[in-house]
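Chain and residue survey
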Amino acid sequence: MILIDGFKVSNEIKDELKIKIDQLISKGKKVPGLVTILVGDNPASKSYVNSKIKACAKIGMLSKIEELDSTTSEKALLELIDKYNNDPEYHGILVQLPLPDHIDENKVIEEISPQKDVDGFHPINVGNLVIGKETFYPCTPYGIVELLKRYNIDTKGKHVIVVGRSNIVGKPTANMMLQKKEGANSVVTICHSAANDLKQFTLQADILIAAIGRANFVTADMVKDGVVVIDVGINRIEDSSTEKGYRLVGDVKFDEVKEKASYITPVPKGVGPMTIAMLLKNTYEAYLRNEN
Ligand code: NAP
């Protein structure tokens, strides 16, 4: 079994980007810029945003946080997005989700210029992904596909089973694996909570991508020998032996599934760190598209 080390790969991607940004700096050029907009004081969102800002700083990317009060109106948020749509210093705009209930998430996503939509959630980018045109891939699915590529895992004609159909993970991952492109070109099945007998599907997976949000849900009896397992889940379970009183586990029962897998991602340090690395890659890509 080969452990897919997302932490290592994410650092490689960041190092590659840092080299490119250092070259821009040495030529006296503008650097890529990312603005993150945070509404309210959800501690998890704050922590995600801080990690993104730190990651930008590490590779020399310009970054800024716009922290808004939880009572901020939808109109004020849309106006702020519009300001950054027109600000040439910032090539990527990210609005941290979830938003307070009084703000329409879809309206906010649609306000971001598709050219600066580094989260890849704008309907134009979603549509471009589906039809195989230039787009911004959502960061977590992009990270999954990149891990498969960097571990030289053959995907062509393989049966990929994606469990989960969310707009941020399941659906875009399935659409990316379906594309007639290198690193994809798979036969794809998407499963969800209405599947009658999930196991009959998961047992067919050459590559199983679990994005369910249920701790240790996929067990060894649900997979075949030699399966490649990508565990997207991040679930907290109580653990009094740790300082925090909890630990993170994936959607896959790692200890038993690893015995049957040919490749498997751990949680943490699997898909998780890739998400930020791909956000930085998207921001660099947005820079190239906007500056050239
Ligand atoms: P989500 O929106 O809650 O979607 C979960 C999906 O799993 C839904 O499509 C749901 O089906 C399906 N599901 C739930 N129970 C099921 C069951 N018993 N059998 C089959 N399918 C079932 O979650 P998400 O945002 O996609 O996230 C999934 C997990 O990935 C979470 O643990 C999240 O924390 C993690 N995540 C990690 C990263 C990262 O950076 N690594 C990024 C995003 C998310 P229905 O559609 O029928 O409800």
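For the structure, see preceding data.
What counts as what
- Residues numbered from 1 in each chain as written.
- Predicted model: local features only at pLDDT ≥ 70, side-chain atom pairs only at ≥ 80, totals over all residues.
- Heavy atoms only, no water.
- Helix = DSSP H or I, 4+ residues; strand = E, 2+ residues; numbered from the N terminus.
- Rg over C-alpha atoms; globule rule 2.2 N^0.38 Å.
- Areas by Shrake-Rupley, 256 points an atom, 1.4 Å probe, with all protein chains shown as cover.
- Lys, Arg positive; Asp, Glu negative; His and termini not counted.
- Charge placed at Lys NZ, Arg CZ, Asp CG, Glu CD.
- Buried < 20%, exposed > 50% of the residue type's maximum accessible area, 1.4 Å probe, protein only.
- Contact = heavy atoms within 4.5 Å.
- Near = heavy atom within 4 Å.
- Polar contact = N/O pair within 3.5 Å; in protein donor to acceptor, adjacent residues only side chain to side chain.
- Nonpolar A, V, L, I, M, F, W, Y, C, P; charged D, E, K, R; others polar.
- Axes fitted to C-alpha atoms, helices over the stretch in contact; angles between N-to-C directions.
- Parallel < 35°, antiparallel > 145°, perpendicular 65-115°, else oblique.
- Left-handed = near helix turned anticlockwise from the far one by under 90°.
- Pairing = 2+ DSSP bridges.
- Arc of directions from axis to C-beta.
- Salt bridge = Lys/Arg side-chain N within 4 Å of Asp/Glu carboxyl O.

**Some thoughts on the overall build of the chain**
Helix and strand counts for the chain stand at 10 helices and 11 strands. Against the compact-globule benchmark of 19 Å for 292 residues, the chain has a radius of gyration of 19 Å, which places it among compact chains. The principal-axis extent of the C-alpha atoms belonging to the chain is close to 55 × 40 × 35 Å. Carbon and sulfur atoms provide 49% of the accessible area of the chain, an area that totals close to 14200 Å². Charge centroids of the chain, computed over 37 positive and 39 negative side chains, lie 4 Å from each other.

**Examining the side chain of Ser-45**
Within the secondary structure, Ser-45 sits in helix α2 (residues 43–59). Residue class for Ser-45 comes out buried when judged on its relative accessible area of 4%. When near neighbours in sequence (up to four residues on either side) are disregarded, Ser-45 contacts Leu-38, Gln-96, Leu-97 and Pro-98.

**Structural notes on the site of the ligand**
Surrounding the ligand, one finds 22 residues, the nearest of these being Arg-165, Ser-166, Ser-193, Ile-234 and Thr-275. Interatomic distance of 3.0 Å between a backbone N/O atom of Ile-234 and an oxygen atom of the ligand. At 2.7 Å, a side-chain N or O of Thr-275 approaches an oxygen atom of the ligand. Within the complex, the protein chains bury 71% of what would otherwise be the 920 Å² of accessible surface of the ligand. Class assignment of the residues belonging to the shell around the ligand gives a composition of 10 nonpolar, 10 polar and two charged.

**What to know about the environment of Lys-244**
Counting through the fold element by element, Lys-244 comes out in the loop between β9 (235–238) and β10 (246–249). Taking the C-alpha atoms as reference, Lys-244 lies 23 Å from Gly-6; in sequence the two are 238 residues apart.

**A look at the packing of helix α6 (residues 139–150) against helix α7 (residues 170–178)**
Packing of α6 against α7 brings their axes to within 9 Å, and their N-to-C directions diverge by 40°. When the axes of α6 and α7 are compared, the pair comes out oblique. Classified by chirality, the crossing of α7 by α6 is right-handed. In this structure, α6 uses Pro-141, Tyr-142, Ile-144, Val-145 and Leu-148 to contact α7, whose residues at the interface are Pro-172, Thr-173, Met-176 and Met-177. Residues that form the contact of α6 with α7 fall into these classes: eight nonpolar, one polar and no charged.

**Observations regarding the sheet that holds strand β4 (residues 92–95)**
Within the open sheet, the three strands sit side by side as β3-β2-β4. Their pairing is parallel. Of all strands in the sheet, those bounded by a partner on one side alone are β3 (62–68) and β4. Strand-to-strand, the axes of this sheet are offset by a mean angle of 15°, without reference to chain direction. In this sheet, β4 lies alongside strand β2 (residues 33–39) in parallel orientation, the contact comprising four bridges. The partner of Val-35 across the bridge, within β4, is Ile-93. On top of the sheet, α2 reaches β2, β3 and β4; it is set at about 160° to β3, its chief contact.

**What to know about helix α5 (residues 123–131)**
Buried within α5 we find Asn-125, Asn-128 and Leu-129. Projected onto a plane normal to the axis of α5, the buried residues spread over an arc of 105° and lie on a single side. Buried residues in α5 make contact with α7. Just downstream of α5 lies Gly-132, where phi reads positive at about 80°.

**A look at the pattern of salt bridges**
Counted by the stated rule, this structure contains 17 salt bridges. Across the pair Lys-75 and Glu-79 runs a salt bridge, and its minimum N-O distance is 3.1 Å. Of this pair, Lys-75 and Glu-79 are both found in helix α3 (residues 74–85), four residues apart, which corresponds to roughly one turn of the helix. When the shortest N-O distance is used, the salt bridge between Asp-221 and Lys-199 registers 3.3 Å. Of this pair, Asp-221 sits in the loop between β7 (207–210) and β8 (228–231) while Lys-199 is found in helix α8 (residues 198–202), placing the two residues 22 residues apart along the sequence. In this structure Asp-221 comes out as partly exposed when scored by relative accessible area, which is 42%. Given the relative accessible area of 34%, Lys-199 is considered partly exposed. Salt bridges here are not isolated pairs; linked through shared partners, they connect Lys-8, Glu-12, Glu-16, Glu-146 and Arg-150.

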